[in-house]
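Observations on the model geometry
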Amino acid sequence: MSDRVDHDGLYRIAESQAGYFTAEQALDAGMDRSTLIHHARPEGRYERVRRGLYRLRHFPSSPHEHVVAAWLPLPSPAVVSHESALELYELSDVIPNAVHITLPRTKRGQRTRPGVRFHTLSDPPAPNQIRQVAGVRATSPERTIVDSLEAGTQAEQIELAVRQALERGLTTPRRLRAAAAGRPARVRTFIDRLLLERAA
C-alpha cells in the first residue's frame, strides 16, 4: 500500500504547517497506520510528537511551531486567539505563557495540556473573524486585540497592537469598533479612546 502514498502531497501539507501533520492527514494521503508507525521509528523520516501528531524529522524549525503543534490536532472550529494570535501577527511585544486556543462552548471538555490555555465561548469567532496565519487558523487582528484586552492583556501592549495593526493595514478603525461592539463598557471605551487619540 505504501506505493500509493502521496508523499509529496503529505509533505506539502506538513510544509504549510511548520513541518507538522496529523495521523488523519497521513491516512488521507494513502498511508496506512503500520507504514506511519514504521516511518516514525528512530531514524525514520517522521518524528512522533504525541498521539496523533507527527513532524517531518529534518524540517527546519520555525518561531511559531509550538503554536502549530498545539492547534493542529484540535477539532475543526478551534482557532489560535488572544495573546498567541498577537504573537502570530507580530503585534505588540507580548510573550504568551501558553498557547491560547478558542473553541465554541459546545467543544468544551478538551483534555488540558501543558502550555495550552483553552477559551470556550458561547459566541465563538464567525468565519469573517478568522484568518490563515503561519499555517494555522487564527482570529482576525481586530478580534484578537479585543479578545486580548477583555482577557486582561496589559494596556500598553494593546495600545502597541492597535497602532501596529493600523499602521500595517491589518485592520481599520471601523473594524476595531465593530469588534468591540457588544463587549464590556471598559473594552469599548478603551478602543474608542485609542482611536480618537490617533485621529487627533
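Summary of the structure given here. (Residues numbered from 1 in each chain as written. Predicted model: local features only at pLDDT ≥ 70, side-chain atom pairs only at ≥ 80, totals over all residues. Heavy atoms only, no water.)

Remarks on the sheet that holds strand β1 (residues 20-22)
Taken in spatial order, the three strands line up as β1-β3-β2 in an open sheet, and their pairing is antiparallel. Sheet topology places β1 and β2 (46-50) at the edges, where each strand pairs with a single neighbour. Adjacent strand axes in the sheet meet at a mean angle of 35°, parallel and antiparallel pairs treated alike. Of the pairings in the sheet, the one linking β1 to strand β3 (residues 53-56) comprises three bridges and is antiparallel in character. Within β3, the residue paired with Phe21 across the bridge is Tyr54. (Pairing = 2+ DSSP bridges. Helix = DSSP H or I, 4+ residues; strand = E, 2+ residues; numbered from the N terminus. Axes fitted to C-alpha atoms, helices over the stretch in contact; angles between N-to-C directions.)

A short note on the packing of aromatic side chains
Inspection of every chain in the model, using the stated rule, returns three aromatic pairs. On the basis of an interplanar angle of 75° and a centroid distance of 4.9 Å, the ring pair of Phe21 and Tyr46 is categorised as edge-to-face. One end of the pair, Phe21, is in strand β1; the other, Tyr46, is in strand β2, and 25 residues separate them in sequence. Taken as a pair, Phe21 and Tyr46 share a single burial class, namely buried. Aromatic rings pair up to connect Phe21, Tyr46 and Tyr54 into one cluster. Over the aromatic face of Tyr20 sits the side chain of Arg55, whose NZ or CZ is 5.4 Å from the ring centroid. In this structure, Arg193 packs its charged tip against the face of Phe190, placed 4.9 Å from the ring centre. (Phe/Tyr/Trp six-rings, centres within 6.5 Å; stacked < 30°, edge-to-face > 60°. Buried < 20%, exposed > 50% of the residue type's maximum accessible area, 1.4 Å probe, protein only. Lys NZ or Arg CZ within 6 Å of the ring centre and 35° of its normal.)

Some remarks on the pattern of salt bridges
A full pass over the atoms with the stated rule returns nine salt bridges. Measuring nitrogen to oxygen at the nearest pair gives 3.0 Å for the salt bridge that ties Arg143 to Asp147. With Arg143 and Asp147 both in helix α6 (residues 141-151) and four residues apart, the pair spans about one turn of that helix. The pair formed by Arg143 and Asp147 is uniform in burial state, with each residue classed as buried. Between Arg183 and Asp147 there is a salt bridge whose closest N-O contact spans 2.7 Å. Of this pair, Arg183 sits in the loop between α8 (173-180) and α9 (185-199) while Asp147 sits in helix α6, placing them 36 residues apart in sequence. Using a relative accessible area of 14% as the deciding quantity, one classes Arg183 as buried. On the basis of relative accessible area, Asp147 is assigned to the buried category, the value being 4%. One salt-bridge network, in which partners are shared between bridges, spans Arg143, Asp147, Glu150 and Arg183. (Salt bridge = Lys/Arg side-chain N within 4 Å of Asp/Glu carboxyl O.)

Topic: the packing of α6 against α9
How two helices sit against one another is set out by the angle between their axes and by the gap between those axes. Taken N-terminus to C-terminus, the directions of α6 and α9 make an angle of 125°; their axes are 10 Å apart at the nearest point. One way to sum up the angle between α6 and α9 is to call them oblique. For the element pair α6 and α9, the recorded crossing hand is right-handed. Residue-level inspection shows Ile145, Val146, Leu149 and Glu150 of α6 in contact with α9, the latter providing Arg186, Val187, Phe190 and Ile191. (Parallel < 35°, antiparallel > 145°, perpendicular 65-115°, else oblique. Left-handed = near helix turned anticlockwise from the far one by under 90°. Contact = heavy atoms within 4.5 Å.)

Description of the nonpolar core
Grouped together as the largest cluster of nonpolar side chains are 41 residues, with contacts concentrated most on Val80, Ile101, Ile145, Val162 and Ile191. Among the elements of the structure, α4 (65-71), α5 (82-89), β5 (99-104), β8 (136-139), α6, α7 (155-167), α8 and α9 are those that each provide at least two residues to this core. Setting aside residues up to four positions removed in sequence, Ile101 forms contacts with Trp71, Leu74, Ala78, Val79, Val80, Ser81, Val116, Arg117, Phe118 and His119. Core analysis: the second largest hydrophobic core is formed by 14 residues, Ala14, Phe21, Met31 and Tyr46 among them. (Core = buried A, V, L, I, M, F, W, Y, C linked by side-chain atoms within 4.5 Å.)

Notes on the environment of Tyr54
By secondary structure assignment, the location of Tyr54 is in strand β3. Each C-alpha atom, one on Tyr54 and one on His38, is 12 Å from the other, the two residues being 16 residues apart in sequence. Setting aside residues no more than four positions away along its own chain, Tyr54 makes contact with Gly19, Tyr20, Phe21, Ala23, Leu36, Ala40, Glu47, Arg48 and Val49.

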